[in-house]
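Spelled out from the first residue to the last, the chains are:
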Amino acid sequence: MKMPLNKPKRIIITKSSKGGGTSPGQGIMKQAFMALVIFLLLVSLYSLFSDMSKSIEEVSLSELTQEISTGNISAIVVTGDKLEVTYLDGGERVSKKEAGTALTTTLKNYDVNKEALSKVNIEVKNDQGFLYWFASLAPIFLPIAFIVFFLWFLSRQVKGAGMQAFSFGQSKARLTTPDDKSQQVTFKDVAGCKEAKEELREIVDFLKNPKKFLDIGARIPKGILLMGAPGTGKTLLARAVAGEAGVSFFSISGSEFVEMFVGVGASRVRDLFDLAKKAAPAIIFVDEIDAVGRVRGTGVGGGNDEREQTLNQILVELDGFEPNEKVIVMAATNRPDVLDPALLRPGRFDRRVTLDLPDRKDREDILLIHARKKPFAEDVRIALIAERTPGFSGADLYSLMNEAAILAARESRTKVSQFDLIRSIEKVMLGPERKSHILSKREKELTAFHEAGHAVVASVLAYADPVHKISIISRGRVAGYVLKLPLEDRKLQSKKEFLDDIAVALGGYVVEKTIFEDLTTGPSNDLQVATALARDMVTKYGMSEKMGPMALESASGKPIFGLGVGDKEYSERVGAMIDAEVSKIMNDAMKKVEKIIKDHRKILDTIARRLVEVETIEQKEFEEILVAHGITPKKKKDIEHQV
Ligand code: ADP
Ligand code: ZN
Ligand code: MG
């Protein structure tokens, strides 16, 4: 069985406003090709020019002298050393005189008839014309210009390729300006997160109207830390703050700070803050700040000096802010527990905003936001989908909507129907169906009994979540699954619920062991889940009688006081006690499940046989089977929530 709590993969949507998508290698080839084309164009243009001047016939000086003497020439225009000769009959020729010598001198040297010469209209033109210069300099400068141009292109590409040879410390932040309407996000695009929005509205207010706050001597927080599980909308909310306030938004991810060269991370930070101050009012957003902001000096993660320098620089910049600087730093993380305490002290990221997984109402709102541009059939009930998706993050819901639209389009329908949405829930939760994955007859039977085992235990135990669906169609990596949904969203889990969850997880294992008298690798994931739950009960929640009220591990799974990995705070003796307690919980659960399976063998057989036949049993049919065997299905009011 796959626990429905298991988080599906994150969906990452990147909207980069700058930087191309083509690979660098491809880019260089393209640019070089373009440069070549431009070069060829210039060359042909040049030869065209020179051809044009050549197309007029040339006469030699001696010939010209003779023509003048015979009185055939009407005018000569002198441009530098070039002579444009016009004949009496209107014909035109060109010629060249000796460089540096006046035309008349030259002609005299050729013994021209002076009388005839005086009849020729000689005009001396300034030879500074553009074409003249162009024509005479082009052969020298064009190739040089071409080479420079080519190098420039290459260097630009090289930079793009990440070698940073020419722009060592420039920040790689992506900038979204307030006039960029296509990327604009406002609070309207963020559903739920009421407290977070409330908290952030104050920041928006300050960015819009700083004077009001400064006049009264209020100090506005410089740093705001957004914390929450992946996909809860941290990045989205940060963008929305910038959108609401209409300020520039510099966004950079923590890992982008940390790059190959020592010191570059720190200089990036400096650049970024300088840029933002120039663009003030502005927001700097550091996404996934845990990449740089981990606890320093623990030696964990290789004692990365570079990271420490970067972090120090961020702290320095935060401290160096004048209170009226109108730049606010926002950061996001899903691991607040690993952040360096120095980041969190007052005057730095002292404003902390937590984003929770959305509850039922919020899920409905998020679905509605992402349903905006999609045509829906009449049968769609978004509220029902929201009810069926506890534990889904905003990103999961976004991808659910998207999957539903894809399903509808694939089947060439113009509207998304309720069935598409329901199928997408499972797809997002467990991965796509693998109908081609054929089970042998025995495997199919075993899987059916295994899943039936989970389902029966879940229906009998009071604190387990009711079953919504059982299936032996394999999906993603699981061979079959039982979909359970809590009757309501819950924030806290009780010991009784934990114990029942462990029992349900063991249902498949016990069925294989007792009915088939053999074990397969099938229940391995179930065992992992159950053991982890039992261990958490003992080490985190103080739910073991023997250990008493002691939290031996922090919520993130690391020993609480120890700073490094494997640096246990408790002794070997306590470690052995923990193991004994975990093992006791597991064995008690197994005995309980063995009894349930024995007592409910008939209903188990019924469900398993039905599963082999139809492969999927929905809630309604399942409850009918339960009632037929004298078990009352759980209804909302039946479950008392003890905390
Ligand atoms: P995080 O940064 O917390 O991992 P993102 O902000 O990147 O999550 O969210 C990913 C996507 O999920 C968003 O682009 C948005 O489409 C959707 N989403 C998440 N939370 C919400 C929400 N509260 N309202 C609307 N959409 C949301
Ligand atoms: Zn199982
Ligand atoms: Mg994010």
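Residues numbered from 1 in each chain as written. Chains lettered and ligands numbered in written order. Predicted model: local features only at pLDDT ≥ 70, side-chain atom pairs only at ≥ 80, totals over all residues. Heavy atoms only, no water.

## Here's the deal with the overall build of the protein
Next, step 1: Broken down by element type, the protein carries 23 helices and 13 strands.
Next, step 2: Of all 643 residues assigned to the protein, the portion counted as buried reaches 44%.
Next, step 3: In the protein, the proportion of contacts linking residues at least 24 apart, taken out of those at least 6 apart, comes to 74%.
Next, step 4: Of the roughly 34,000 Å² of accessible surface on the protein, a fraction of 56% belongs to carbon and sulfur atoms. (Helix = DSSP H or I, 4+ residues; strand = E, 2+ residues; numbered from the N terminus. Buried < 20%, exposed > 50% of the residue type's maximum accessible area, 1.4 Å probe, protein only. Contact = heavy atoms within 4.5 Å. Areas by Shrake-Rupley, 256 points an atom, 1.4 Å probe, with all protein chains shown as cover.)

## Thoughts on the packing of helix α19 (residues 495–515) against helix α21 (residues 572–599)
Next, step 1: Contact pair α19 / α21: the axes reach a minimum separation of 8 Å and the direction vectors enclose 60°. By the angle between their axes, α19 is oblique relative to α21. Every pair of crossing elements has a handedness; the one defined by α19 and α21 is right-handed. Here L499, D500, I502, A503, L506, G507, Y509, V510, V511, K513, T514 and I515 of α19 lie close against α21, whose contacting residues are I585, M586, A589, M590, K592, V593, E594 and I597.
Next, step 2: For the contact of α19 with α21, the per-class residue count stands at 14 nonpolar, two polar and four charged. (Axes fitted to C-alpha atoms, helices over the stretch in contact; angles between N-to-C directions. Parallel < 35°, antiparallel > 145°, perpendicular 65-115°, else oblique. Left-handed = near helix turned anticlockwise from the far one by under 90°. Nonpolar A, V, L, I, M, F, W, Y, C, P; charged D, E, K, R; others polar.)

## Considerations on the pattern of salt bridges
Next, step 1: Across all of its chains, the model carries 29 salt bridges by this definition.
Next, step 2: Between K361 and D365 there is a salt bridge; the shortest N-O distance is 3.0 Å. One end of the pair is K361 and the other is D365, both in helix α14 (residues 360–370) and four residues apart, which spans about a single turn.
Next, step 3: By relative accessible area, which is 23% here, D365 ends up partly exposed.
Next, step 4: With a shortest N-O distance of 2.8 Å, D420 and R423 are connected by a salt bridge. Here D420 pairs with R423, and both are found in helix α17 (residues 418–430), just three residues apart, close to one helical turn.
Next, step 5: By relative accessible area, R423 is classed as partly exposed at 23%.
Next, step 6: Taken together, the salt bridges that share partners define one network made up of E411, R413, D420 and R423. (Salt bridge = Lys/Arg side-chain N within 4 Å of Asp/Glu carboxyl O.)

## Describing the packing of aromatic side chains
Next, step 1: Tallied over the full model, the rule gives eight aromatic pairs.
Next, step 2: When the ring of W152 is compared with that of F153, the centres are 5.5 Å apart and the planes differ by 45°; the resulting orientation is tilted.
Next, step 3: In this structure W152 comes out as partly exposed when scored by relative accessible area, which is 46%.
Next, step 4: Cluster of aromatic residues (ring-pair linked, three or more members): F149, W152 and F153. (Phe/Tyr/Trp six-rings, centres within 6.5 Å; stacked < 30°, edge-to-face > 60°.)

## A short note on the confidence of the model for the protein
Next, step 1: Mean pLDDT over the protein stands at 79; residues scoring 70 or higher make up 83%.
Next, step 2: Below pLDDT 50 for its whole length, residues 1–25 participates in 40 contacts with residues either more than four positions away or in separate chains.
Next, step 3: A low-confidence stretch, residues 161–168 stays under pLDDT 50, and its non-local contacts, those more than four residues away or across chains, total 13 contacts. (pLDDT = per-residue confidence, 0-100.)

## Considering the sheet that holds strand β5 (residues 174–176)
Next, step 1: With mixed pairing, six strands are arranged side by side in an open sheet as β5-β7-β8-β9-β6-β10. At either end of the open sheet lies a strand with only one pairing partner, and these are β5 and β10 (351–355). The average undirected angle you get between the axes of adjacent strands in this sheet is 20°.
Next, step 2: For strand β8 (residues 282–287) and strand β9 (residues 327–333), the ladder comprises five bridges, and the chain directions are parallel. Residue pairing for β9: I283 is matched across the bridge by I328. (Pairing = 2+ DSSP bridges.)

## Structural notes on the sheet that holds strand β4 (residues 121–125)
Next, step 1: Taken in spatial order, the four strands of this open sheet run β3-β2-β1-β4, and their pairing is mixed. Two strands close off the open sheet at either side, each with one partner strand: β3 (92–96) and β4. Averaged over all pairs of adjacent strands, the angle between strand axes in this sheet comes to 20°, irrespective of strand direction.
Next, step 2: Here five bridges tie strand β1 (residues 73–79) to β4, and the two strands are oriented parallel to one another. Considered in β4, the bridge of I76 is made with I122.
Next, step 3: Contacts from helix α2 (residues 61–69) reach β1, β2 (82–87) and β3 within the one sheet, and its direction differs from that of β1 by about 140°.

## Focus: unusual backbone geometry
Next, step 1: Even without a glycine there, the phi angle at E288 is positive, about 50°.
Next, step 2: Examined against the element boundaries, E288 turns out to sit in the loop between β8 and α11 (290–293).
Next, step 3: Residue E288 is classed as partly exposed on the basis of its relative accessible area, which comes to 24%.
Next, step 4: Phi angles above zero are rare outside glycine, and S412 is one such case at about 55°.
Next, step 5: Topologically, S412 is positioned in the loop between α16 (394–410) and α17.

## Structural notes on the pairing of strand β12 (residues 481–484)
Next, step 1: Taking every second residue as pointing to the same face, both faces of β12 are buried, with Y481 and L483 on one and V482 and K484 on the other.
Next, step 2: Inspection of the sheet shows strand β11 (residues 467–471) paired to β12 by four bridges, in the antiparallel sense. Each bridged residue has a counterpart across the sheet, and for I470 the counterpart in β12 is V482.

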